[in-house]
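This is what each chain is made of:
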Amino acid sequence: MRSLSRLTTAGVLGAAALALLTGCLGSSDKGSSGGQDANRNADAKKVELTIGSNSVKGGKSSAGATFLSDVLIPKFVADQKGKGVDVTVKFQGDGSDDEVYKQKLSLDLSNKSGPDLFQIDGIWVGEFAQAGYIKPLTDTVGDAAKVNDWDGWKQIPESVQALGSYNGQRYGVPGGTDGRVLYFNKKLFQQAGLPADWQPKSWDDIISAGQALKKLPGVTPIQINAGTAMGEATTMQGVLPLLVGTGATVNTDGKWLGNTPQLRQVLDFYHQIYSTGLGDPVLQKEAKGRDKSFAEFAANKIGILGESDYFWRSVVEPKEGVAKMADRDTAVGWALIPAMKPGSGVKGQDFVSMSGGGATVINPNTKFPQQAWELLQFMNSADMVKASLDGAAKITQRSDVNSEVLASDPMLSFIADKVLPITQFRPGLAEYPKISAALQQATADVVAGKSTDAAASAYQKAVETAAGSKDKVTSN
Amino acid sequence: MTSASAPVRGRTPARDVAGLGVGRAFGFVAPAFLLIGAFLIFPALWTIYIGITNYRLTGVEAVSPSIVGLSNYTKALNDALFHNALWLTMVFVLGSAIIGQNVLGFTLAWIMRRTRPAVRRTVEAFVLLAWILPSTVVAYLWVAFFDRDGGTLNGLLGTQGTAWLIDYPMACLVVFNTWRGTAFSMMLYSSALQAVPPSQLESARMVGASGWQTLRDVVFPHIRGHVLTNTLLISLWTANDFSPFLLTKGGPNHESETVPVYIYNVALQGGELGYSSAISFLLLIANLLVSLVYLRLLRRRS
């Protein structure tokens, strides 16, 4: 009797809970944005906004965090005060791996919270948009003309605008772009008898430079990011630049790259580096491997390292970098990434690169959409973009600013003049992050000692799952 | 496992001993029911529910997930990485809990029995410290200990350049978790050993029993229940422990990805919330099964 009633109670409770749950999941997101008034609180005299960014003073992307909290926010507050609005802007910094930042952000957004404005990587725009976590700017701001008439758009090149767009709609304002090169340590190169103006013409040239560097004691010749621990850095700094060097891209005519000869060439190159002592396989497996590779390069222990200009600006930068090199300007050289063989690159190019970048987007659930849009424009005005550089150079989103600032930095004008014309962007498709994870896993397998063929066929399976069907994947 | 109401157990329904009446009695237990409902039953049902959908952290399925029936479960059964995670969890539980913490905890308790109180307190304090420190702090210390460049262990052994967490991830985790959780076993066995009648130990010594014989024939029969309870608790805790993530993130290349870490990686790294919920539910079932087996054993003893 007693146990029966207990059972009944449990049953009733369970049924009630299930009834509550059914239909709760996700679907409540649907109508809500349409129901929200884009002009809510438009005339508020007291406004609170939060900016979220994966940067933190004294740590990751320190200069960016310093700019946001010490320059942009006070200027914007003063500007708004002039208009009679009392604005408080908070900076919500983060200093974690990009993947962790993304997880945190998506959890916040799925619960309709999170900062009012936040910076995201261009490749997340697709999946965030599909999930309804972000909306086209014209929806959030409510007035298409207001968004499209912003004079800043004219200064931002199409290819860069794509970083903040999905399906032809603008979701945010991009924050500049970058380009990838091979960095090398000129001091080590001199010791190994290699030229200070090194420019490899093929993958074999990279290997032979590596073999020369290998003779130096305690030096890891080459660091090409591999494995899953480095996340997107593996895909962006390693796999994709190599892949475009074989003439293939990760998505061609709507089909994802499968187990093709080009993929196997890339994996063979990884195998060649990490099985012959030209690279350090352990570093690719360590949880903090990428940070360690930076530290080792700065300590003159790595000869050649593939990275974006971020490395020059924020890693080995002598004052605020995470792995400062006091003699950066004389010790660090750079070269274009060669195609596998001259002319074998995508579009028949001899040299290749990959570019990416982030965008700042507005949280559709912000209390103050109009003020957030105002802050977003203010942030991307020529004055503020220039101020964000603080004397240093960086490839910004705005052409007017670039033409002024890039000349002062030889590395960055190299990126702007030589790299951007030959570069490729990642496809802004929602499946991309899953494909990217599969590529990382394939390199992890190769570094761990699996054969290229085994890694490539496992990759094929993963891509078929990620893409949804075999028809959306190329092979052989 | 007999309850306090044992005298009236069986045929007649329980009489209202406290004189509260049903309504008031229910009022007294209602807060407990609410808490259990909100924090145990509801999340468990929620997990079951998400487990039959294709809910994701981002993308289309985050807005409009659909019911996919049992396909998450069939996927798990064929998932090589899940099998890998199960195997690693078994290694982890067996190595660090059933053997590591049990044996070390008992050994410490056995040795500390006779030592001077000052020594005992000091040792206990250190062992307890390992148990009560926050996981993140402890993980940081162990990462520094195992580190390849300038790690303490390499410094002690003179093996510079050995990446312990990369080359021997599971062994490192087993050592780490043994160190971390021994305090509980030690304390439990310390009090259990006090229940062994000194006269019996004395007799054993008089008839010339060796140390091992004394343990096996005199001490163990007295503490068998404690051994079972302890083993049950620590193996459940260890199976569900997430701190391996703080040391290795499940790497390198899934070599230390125990089930809880796998669930996390699938859910947040891969964004597959539906699939990870299904695996969570399987873990829950496994926990229940293990508990049932232990309870059986305990009951048979009494």
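As named in an unreviewed UniProt entry, chain B is Multiple sugar transport system permease protein, taken from Kribbella pratensis. The Sequence similarities (unreviewed entry) comment attached to chain B in UniProt states, word for word, "Belongs to the binding-protein-dependent transport system permease family." The record held by UniProt for chain B lists under Subcellular location (unreviewed entry) the comment "Cell membrane".

An unreviewed UniProt entry annotates chain A as Carbohydrate ABC transporter substrate-binding protein (CUT1 family) originating from Kribbella pratensis.

Asker: Before we go on, may I ask you to explain the domain arrangement of chain A in this structure?
Answerer: The accessible area lost on association of the parts is a frequent measure of interface size. Residue and element names in this part refer to chain A. Domain boundaries assigned for chain A yield domain 1 (46–178 + 356–425) and domain 2 (180–353 + 429–474). A C-alpha centroid distance of 28 Å is found between domain 1 and domain 2. Every element with two or more residues in the side of domain 1 that touches domain 2 is listed here: α3 (62–82), α4 (98–110), α5 (125–130), α20 (410–419) and β16 (423–425). No other element matches the six residues that α20 contributes to the side of domain 1 that touches domain 2. Class assignment for the residues of the side of domain 1 that touches domain 2 results in ten nonpolar, seven polar and eight charged.

Asker: What exactly am I supposed to notice about the confidence of the model for chain A here?
Answerer: Low pLDDT marks stretches whose predicted atomic positions should not be read closely. Residue and element names in this part refer to chain A. Confidence in the prediction for chain A averages 89 pLDDT; 92% of positions are at 70 or higher. Summarising per-element confidence for chain A, the mean pLDDT is lowest in helix α2 (residues 29–35) (46) and highest in strand β13 (residues 337–338) (97). Here residues 27–34 is a poorly scored stretch, pLDDT under 50, and it has seven contacts once near neighbours within four places are set aside; other chains count.

Asker: What should I look at first to understand the sheet that holds strand β6 (residues 172–174) of chain A in this one?
Answerer: Within a sheet, neighbouring strands are paired by backbone hydrogen bonds and run either parallel or antiparallel to one another. Residue and element names in this part refer to chain A. The five strands are arranged β2-β1-β3-β15-β6 in an open sheet whose pairing can be described as mixed. Both edges of this open sheet fall to β2 (86–93) and β6, since each of them pairs with a single strand only. For this sheet, the mean inter-axis angle between neighbouring strands, taken without regard to orientation, is 25°. Here strand β1 (residues 46–53) pairs with strand β3 (residues 117–121) via two bridges, running parallel. Paired with I51 across the bridge in β3 is L117. Across the sheet, helix α17 (residues 369–379) is in contact with β1, β2, β3, β6 and β15 (358–362); its angle to β15 comes to roughly 155°.

Reading guide: rules and limits
- Residues numbered from 1 in each chain as written.
- Chains lettered and ligands numbered in written order.
- Predicted model: local features only at pLDDT ≥ 70, side-chain atom pairs only at ≥ 80, totals over all residues.
- UniProt positions renumbered as here; feature names shortened; annotations may be inferred.
- Domains from an automatic or database assignment.
- Helix = DSSP H or I, 4+ residues; strand = E, 2+ residues; numbered from the N terminus.
- Nonpolar A, V, L, I, M, F, W, Y, C, P; charged D, E, K, R; others polar.
- pLDDT = per-residue confidence, 0-100.
- Contact = placed C-beta atoms within 7 Å.
- Pairing = 2+ DSSP bridges.
- Axes fitted to C-alpha atoms, helices over the stretch in contact; angles between N-to-C directions.

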